[in-house]
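# Topology and contacts: notes
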Amino acid sequence: MFLPTGCLLLSVLLFHPALAKVCNDRTKHGQDNSWFARDGENLPIMVLMPMNESALMSSISQGIEPAVQLAIQHIRESRKYSFSLITKIYDTECDNAKGLRAFFDAICYGPKHLMIFGGVCPSVTSIIAESLEGWNLVQLSFAATTPVLADKKKYPNFFRTVPSDNAVNPAVVKFLNYYNWSRVGTLTQDVQRFSEVRNDLTSELEKADIQIADTESFSNDPCVNVKKLKDNDVRIIIGQFDENLASKVFCCAYNLNMFGSKYQWIIPGWYQGKWWEQANTTNCTTKKLLTAMEGYISVDFEPLSARQIKGISGRTPKEYESEYSKELHQKGVEASKFHGFAYDGIWVIAKTLTRVMELLRVKQRQNTYHNFTVDDREVGKMVLDVMNETNFFGVTGQVMFRNGERMGTIKFNQFQEGAEVKVGEYNAIADVLDLINNSIRFQGVEPPKDRTFVRLQRRHINVPLYSILSTITILGMLMAGAFLFFNIKNRNHRLIKMSSPYMNNLIILGGMLSYASIFLFGLDGGFVSDKEFETLCTVRTWILIVGYTTAFGAMFAKTWRVHAIFKNVKMKKKIIKDQKLLIIVGGMLLIDLCILICWQIVDPLKRTVEEYSLEADPQGRDIAIRPFLEHCENTHMTIWLGIVYAYKGLLMLFGCFLAWETRNVSIPALNDSKYIGMSVYNVGIMCIIGAAVSFLTRDQPNVQFCIVALVIIFCSTITLCLVFVPKFITMRTNPDAATQNRRLKFTQNQKKEDSKTSTSVTSVNQANTSRLDGLQTDNHRLRMRITELDKELEEVTMQLQDTPEKTPYIKQNHYPDANNILSIRNFTDGKDGEKSILKNHLEQKPQAQWGSMDPSRINRGPLEDINSPEHIQRRLSLQLPILHHAYLPSIGGVDASCTSPNGSPGSSPRHRHMPPSYRVMVSGLDWIPVWKHGIYKTQQRKSSNLLPVPYPSLWRHVNIIISDFDVL
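Residues numbered from 1 in each chain as written. Predicted model: local features only at pLDDT ≥ 70, side-chain atom pairs only at ≥ 80, totals over all residues. Heavy atoms only, no water.

## Section: helix α13 (residues 317-331)
Taking 1.5 Å per residue, 15 residues should reach 21 Å; α13 reaches 21 Å between its end C-alpha atoms and fits that length. Inspection of α13 places Pro-317, Tyr-320, Tyr-324, Glu-327 and Leu-328 among the buried residues, and these make up the whole buried set. Buried residues in α13, looked at end-on, bunch into an arc of 100 degrees, giving them a common side. Among the exposed residues of α13, those pointing more than 90 degrees away from its buried face are Lys-318, Lys-326, His-329 and Gln-330. Residues of α13 that are buried in the fold lie against α3 (58-78) and α14 (339-366). Backbone geometry just downstream of α13 places Gly-332 in the positive-phi region, at approximately 70 degrees. (Helix = DSSP H or I, 4+ residues; strand = E, 2+ residues; numbered from the N terminus. Expected span 1.5 Å × (residues − 1). Buried < 20%, exposed > 50% of the residue type's maximum accessible area, 1.4 Å probe, protein only. Arc of directions from axis to C-beta. Contact = heavy atoms within 4.5 Å.)

Structure follows, in structure tokens:
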């Protein structure tokens, strides 16, 4: 109901000064402008305060009145002033409308006031202070601390003896600089008073070059904002909020663990005593609040000076405080924290009026010939000028104004063990911070840090791990060097020569390059500079790619050659020389060089640093560890890696396919084909696994380096061992085997070997499976039939020897069997040479030979006759050609391609792979068979006769001793 009235009064006072002047003229009660000329004059002072006990902030006014009366008494007792101050208190009740009404009544109906003293409530004070210029009055406040009143354009006639809330900001900045805190955060209650302080603090912090990491404002619940401060790593927090929300703030700080040695809270110091008990509306207990509050710094103006020197009143601050306490006790009221500023304010008014009176008297003497008068406007201007020149020491310290603002003393208190303890003060006039020695107690051994100091820590390869893998790598390189020496030294050896020594050298070279790349992968910025690291990125990439291509390309080429020969289904003679394999490896290297050169020119590798999340210090210090890792990257890293992986991947997959296709192939002419295939397969699988795991462990350099190094070591070592260890073992254990002729390996079980050959051919060309199976079956069946007929032929021969009288019968009845044997042989060989040999023997006259027996042998038994040289000669003349022609293909002798069994065995294409002879010594015989002119004949045995015969186990009735047998 008073707000419209207040607004109306304000408009009247501000915009109708003529009405105000009439009101003042009508109520001046006989006073004139000669008040300054008489001594002992009572000068009225308007005092505006909320006096009603029900009014807000009335407790402040009740404690102020004793201080004002004490000041007036001390002024009177000093006898230095020729006037007496009379205070007239007007109750504003901390209400805008009532305050304006009281002010209007004082102007219209009260005495002519020279100055206004008071102004407690910010809203009422700001409204009245805005109208003072129209009334030519100056107001001096002792309790209005709101920063709004510092605007001299809006409130030119307003002064205050109490420092503004903004006055603490320079002190806070000084305190921050003292502890070298250059990074802070603010937490502000969303109220104009606190917002104004924060804005001014922001300006002061910027001037001092102090970073504001985060600025948070809240209305009711501060927990969300407190958490944001923690997330932004704010350690020094400057709060601007009242005591009702302060308990909530510290409750949130307790729950978020934002207290202790790592945090420092700076809050206003004007809270009431034991505020945490009276204003605790949180779910935190008092114990929790006290734990979170421990160590906070409160900043507020100093109510009484700590300097015990006598001021303008002739009393020290302590003496004044004693007298003030007596007055309070007599009147039974509570003390006010602003009583010292009210006391000094009365002294400011007295000194100002004294100085104005002196100036007016001087002007009056200068105008003795004229009737000297002075108006309110001139008096008001003189009061403003004198107020700005005020400078004296009062009970609150040095009293001095700068643009109407009190340059006072700011105190610093610290909350220690449940109570606030003064730890220092700041003198705004001298701009000096004075801290009491050893009074501030921080929770840690040192003041909190203004931020989490981050120490960059390089993630590098552990030296022991690098040493171990480097040692293994050196051993691998020594092994590769030994293999290279072995390969070069024995390059003309048939065993090494058949395995392509040039390609073996490339495999060794590629392995050594791959080994060398391990040393480069273990180096980082801790060993080399940034520029050298970029060079290292390029070098190790080139070495690894070229080394891999050299080794894998050589193995790939050799595997391809085996596959190409194995795929030759038409069984035509196919020669793939090492020159063609070198061209294949050179082509692969050329592709690699093209990719690497384009990569280096278009988008070279650069050193990049990847930082990871903060980690706690292992030693418990108040620092954080931020690991970082150096990488070799470029702008389009994914594209280049995709090109390399695609090319290498396709080549690797094709190599694994060739290795799988030739896994069962064993070609003696290419004596390491099987091991090369195994190497290709193992390298392919390990590279795929290594690349995938290495990509997944990108942020773990030790694991990544270990995996990459082990994959390189494993692939290189396995490849070199599979290629060279079998050769080394063979040459050490069986050196003669290296000089033997080349041959195809067959097992003792021909049927099993034929089945294995059939299986291998089937994997190459499924279309010829049925045809090959049929041929193998016919071949086996015919060989069995030959064996059976050989037995029958032997029985027939024995009967021809034992019963000469049955010769005609045998000649007639068994001649078809001989023809059957020859016909079967003609089926297998396509020739009829044996038939002519058999007819030559049958056309002879056996009756004459067998009938004319030697008389000396008539009495001999059948066994002796069978073993006679004549009988053996006859048997061998029939058996040897047949058996030779039947079994010689099985051991590399005559085959179906021979033109005639009568030809020399060396003329057969397959027989040419045989050694000059099977050296077989026949013992116990006087006559032995000899191959001559295409047929076997007998001759007298010499001391040690050696003749070419088929495999010795084919003769069952001849005592044969094998003296020497070797096959390449």
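## Quick look at the state of the cysteines
By definition, a disulfide links two cysteine residues through a covalent bond between their sulfur atoms. The full count for this structure, using the stated rule, is 4 disulfides. A sulfur-sulfur distance of 1.8 Å marks the disulfide that ties Cys-223 to Cys-252. Disulfide Cys-223-Cys-252: torsion about the S-S bond near -65 degrees, hence left-handed. In this pair, Cys-223 is assigned in helix α9 (residues 223-231) and Cys-252 in helix α10 (residues 243-255), connecting sequence segments 29 residues apart. The buried category is assigned to Cys-252, whose relative accessible area is 3%. Each disulfide pairs two cysteine sulfurs, and for Cys-251 the partner residue is Cys-284, the sulfurs being separated by 1.8 Å. The sign of the S-S torsion, about 65 degrees, decides the handedness of the disulfide formed by Cys-251 and Cys-284: right-handed. Remark: Cys-284 occurs in the loop between α11 (275-278) and α12 (286-293) and Cys-251 occurs in helix α10; sequence separation between them is 33 residues. One exposure class covers both Cys-251 and Cys-284, and it is buried. (Disulfide = S-S within 2.5 Å.)

## Considerations on the pairing of strand β1 (residues 41-49)
The buried fraction of β1 is high, at 7 of 9 residues. Here 9 bridges tie β1 to strand β2 (residues 83-91), and the two strands are oriented parallel to one another. By the bridge assignment, Pro-44 is partnered in β2 with Ile-86. Between the parallel elements β1 and β2, the chain passes through α3 in a crossover that is right-handed. Two strands pair when backbone bridges link them, and β1 and strand β3 (residues 115-118) are joined in this way by 4 bridges, in the parallel orientation. Across the sheet, the residue bridging to Ile-45 is Met-115, located in β3. (Pairing = 2+ DSSP bridges. Right-handed = clockwise from strand over helix to strand, strands pointing away.)

## A word on the side chain of Ser-439
Counting through the fold element by element, Ser-439 comes out in the loop between β16 (432-435) and β17 (453-458). The contact partners of Ser-439, leaving out residues within four places of it in the chain, are Gln-414, Gln-416, Lys-422 and Val-423.

## A closer look at unusual backbone geometry
We note that Asp-233 has phi near 60 degrees; this positive angle belongs to a residue other than glycine. Take Asp-233: it is sitting in the loop between α9 and β8 (236-240). On the basis of relative accessible area, Asp-233 is assigned to the partly exposed category, the value being 23%. Positive phi values are uncommon outside glycine, yet Lys-274 reaches one of about 55 degrees. On the accessibility criterion, Lys-274 (44% relative accessible area) is partly exposed.

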